[in-house]
Amino acid sequence: MQRPPTWTEAELSAAASEARRIFRSSRLDEPLETWKRTFDQYQERFERLFDKYGIAQPAKITSKQVAAIFRERLSDALRYLAGPPISADDLAVLAEAESLSPGRLEADHAAAGRVLATIVRALDTKRFPWIAEGRGPTKAERSAAILASAALITAQRVATTRRNEGKEVQERAVKDFLKAMGFTAVAARPIHTLDDAPARGEFCDESKVGTRKADVPVRLFDGRLMPIECKVSNSELNSVKRINNDAAVKARTWKEQFGTNQVVPVAMLSGVFKVSNLVQAQSEGLTLFWANKLEAMRTFIESTQQEAQQARKPGPRRRNRRPKG
């Protein structure tokens, strides 16, 4: 049975340096258009809260207006008036609202009132100093509050988009690479045993493998299951979470549940990773490949295919000889 590659610390260091260089280049070359577009979008939303709904004096807003704010998709801007901002899930819990849907808030005026009261109680007094002082904002205060709020939510949205897009791009590249190798994409499914997994030469979208999810479960040609975790990290600190606290933990779990000889847990890496974290994760049974060096994964997969083909070849026939005498 072909073993997946194990990299030396020097090899991991060289690969990590190259991945860091690629990350820096892509981040520095990233256009400001995304930031500008997102900022303009949220600046407009905050201006509508001020101009149309009078959020500068929130105590005067009615329950009906709260429902209208959610219907006009201004709820993100409303939640970011708080300091720190309140997530949608937290707002529902804090306001004791069964749902934050516009229809439900229109029907339940009391819930809409509690939503507004929660936001008012958590208002950021640095951005909205006039609220605590019981007066209206000056023109400069209004402008500063809108700009600061738009910048706050834009920073969060752009960072989230970067993370999600990086992971999505990596997953798409992995799947395209597998297809080019002759693998077939099949439907996602829960994988409790190897019988549940895709057939040899197939892979599927994110699925639960045992008790943990895998981004791309792959069935190697020799029958082993190769669950791939796509990991994009923007810092060495972040790499601990991505590799050691997530992918390596999943690797141990899968080997315990499926057996060491039946599963090959893989992490596909892009971005910035601390070499010592990679060394530790590899020592715990996690196979490491880099998104910018997919040929290394090809070499391993092809070795399992060649071994499987050899195993299926019939052995030489023995001639039956008559005993002498």
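Before reading further, recall that the structure is shown in the block above.
Counting starts from 1 at the beginning of each chain's written sequence and moves along it residue by residue. In view of the model being predicted, local features appear only for residues whose pLDDT reaches at least 70, and side-chain atom pairs are presented and counted only at 80 or more, with totals across whole chains, interfaces and linings using the full set of residues. Hydrogens and waters are ignored; side-chain quantities use all the structure's heavy atoms.

A.B. asks: Looking at this structure, how should I read the overall build of the protein?
C.D. replies: Each helix is a run of DSSP H or I of at least 4 residues and each strand a run of E of at least 2, with the numbering of both proceeding from the N terminus. Each helix and strand counted, the protein has 12 helices and 8 strands in total. Throughout this description, buried means an accessible area under 20% of the type-specific maximum (1.4 Å probe, protein chains only), exposed means over 50%, and partly exposed covers the range between. Counting the 325 residues in the protein, one finds 41% classified as buried. Positive: Lys, Arg. Negative: Asp, Glu. His and the chain ends are not part of the count. Just so you know, the charge point we use is NZ for Lys, CZ for Arg, CG for Asp and CD for Glu. When the 54 basic and 40 acidic side-chain charges of the protein are each reduced to a single mean position, those positions are 6 Å apart.

A.B. asks: Help me understand the nonpolar core, please; the structure alone is not making it clear to me.
C.D. replies: Generally speaking, nonpolar side chains in soluble globular proteins are found buried as a group. Counting 38 residues, the largest nonpolar core has F46, L49, F50, F70, L81 and V115 as the members making the most contacts within it. Among the secondary structure elements, those contributing two or more residues to this core are α2 (33-51), α3 (63-71), α4 (75-79), α5 (88-94), α7 (109-121) and α9 (139-180). The criterion used for residue contact is that any of the two residues' heavy atoms lie within 4.5 Å. Non-local contacts of L49, meaning those with residues more than four positions away in its chain, are made with G54, I55, I69, L74, A77, L78 and L81. Among the buried residues, those of types Ala, Val, Leu, Ile, Met, Phe, Trp, Tyr and Cys that are joined through side-chain atoms within 4.5 Å form a nonpolar core. In this structure, V174, I228, F289 and A308 belong to the second largest nonpolar core, which totals 22 residues.

A.B. asks: How do you make sense of the environment of R242 when you look at a structure like this?
C.D. replies: Take R242: it is sitting in helix α10 (residues 236-258). Since its relative accessible area comes to 17%, R242 is described here as buried. Each C-alpha atom of the pair R242 and L269 lies 9.6 Å from the other, and the pair is 27 residues apart in sequence. Not counting the four nearest positions on each side in its chain, R242 is found in contact with R163, K231, V232, S233 and A247.

A.B. asks: Quick question: what am I supposed to make of the pattern of salt bridges here?
C.D. replies: Pairing of side chains with opposite charge becomes possible as their charged atoms draw close. Salt bridges are defined by distance alone: a side-chain nitrogen of Lys or Arg within 4 Å of a carboxyl oxygen of Asp or Glu. Using the criterion set out here, one finds 22 salt bridges in the structure. K231 is the salt-bridge partner of E229, the closest N and O atoms lying 3.3 Å from each other. For the pair formed by E229 and K231, the shared burial category is buried. For the salt bridge of K250 with D246, the shortest nitrogen-to-oxygen distance reads 3.8 Å. Here K250 and its partner D246 are both found in helix α10, 4 residues apart, which amounts to about one turn of the helix. The structure contains a network of salt bridges with shared partners spanning E229, K231, D246 and K250.

A.B. asks: Sorry if this is basic, but what is going on with unusual backbone geometry here?
C.D. replies: One can expect most non-glycine residues to show negative phi and most peptide bonds to be in trans. P84 follows G83 through a cis peptide bond whose omega is -5°. The phi dihedral of R73 falls on the positive side, at around 60°, and the residue is not glycine. Locating R73 in the fold gives a position in the loop between α3 and α4. The backbone of E96 shows a phi angle near 50°, a positive value even though the residue is not glycine. Here E96 falls in the exposed class, since its relative accessible area comes to 62%.

A.B. asks: Help me understand the packing of aromatic side chains in this model?
C.D. replies: Aromatic ring pairs: the centre-centre distance and the angle between the two ring planes describe each pair. Pairing of aromatic rings covers Phe, Tyr and the six-membered ring of Trp, with a centre-to-centre limit of 6.5 Å; geometry is then stacked below 30 degrees between planes, edge-to-face above 60, and tilted otherwise. Within the structure shown, the criterion is met by 4 aromatic pairs. Judged by centre distance (4.9 Å) and plane angle (50°), the rings of F183 and F221 are tilted. Of the two residues, F183 sits in the loop between α9 and β1 (184-186) while F221 sits in the loop between β5 (216-219) and β6 (225-234), which places them 38 residues apart along the sequence. Taking the relative accessible area as the measure of exposure, F221 reaches 16% and is therefore buried. Taking 6.0 Å as the distance between ring centres and 80° as the angle between the ring planes, the aromatic pair formed by F273 and W290 counts as edge-to-face. Note that F273 is positioned in the loop between β7 (266-272) and α11 (275-283) and W290 in strand β8 (residues 287-290), a separation of 17 residues in sequence. These aromatic residues form a ring-pair network of at least three members: F50, F128 and W130.

A.B. asks: I'm lost on α9 in this one. Help?
C.D. replies: Given 3.6 residues per helical turn, the α-helix brings residues three or four places apart onto the same face. Each helix should span, by expectation, one fewer than its residue count multiplied by 1.5 Å. If you check α9, its first and last C-alpha atoms are 60 Å apart, about what 42 residues at 1.5 Å a residue would give, namely 62 Å. Remark: G182 follows α9 within two positions and exhibits a positive phi of approximately 105°.

A.B. asks: Sorry if this is basic, but what is going on with the environment of T299 here?
C.D. replies: Mapping T299 onto the fold places it in helix α12 (residues 295-312). Classification of T299 by relative accessible area gives exposed; the value is 53%. Along the backbone, T299 and P4 are 295 residues apart, and their C-alpha atoms lie at a distance of 9.5 Å.

A.B. asks: For this particular structure, what's the right way to read helix α1 (residues 9-28)?
C.D. replies: Spanning 20 residues, α1 covers 28 Å between terminal C-alpha atoms, matching the ideal 28 Å at 1.5 Å per step. Within α1 the residues assigned to the buried category are L12, A15, A16, A19 and F23. Taken end-on, α1 shows its buried residues confined to a sector of 100°, consistent with a single buried face. Away from its buried face by more than 90 degrees, α1 exposes A10 and L28. Those residues of α1 that are buried are in contact with β6, β7, α11 and β8. Arc, as used here, means the arc of the directions from the helix axis to the C-beta atoms.

A.B. asks: In this structure, what is going on with the side chain of R219? I would like to understand it.
C.D. replies: Checked against the element boundaries, R219 lands in strand β5. Look at R219: it is buried, it has no salt bridge, and the nearest opposite charge is D195 at 5.9 Å. A polar atom in the side chain of R219 sits 3.2 Å from the backbone oxygen of L194. In contact with R219, other than residues within four places in its own chain, are F183, L194, A197, P198, A199, R200, G201, E202, R224 and L225. Polar contact criterion, stated in full: a pair of N or O atoms within 3.5 Å, where within protein one must be able to donate a hydrogen and the other to accept it, and residues adjacent in sequence count only if both atoms are side-chain atoms.

These figures come from the coordinates and say nothing about function on their own.
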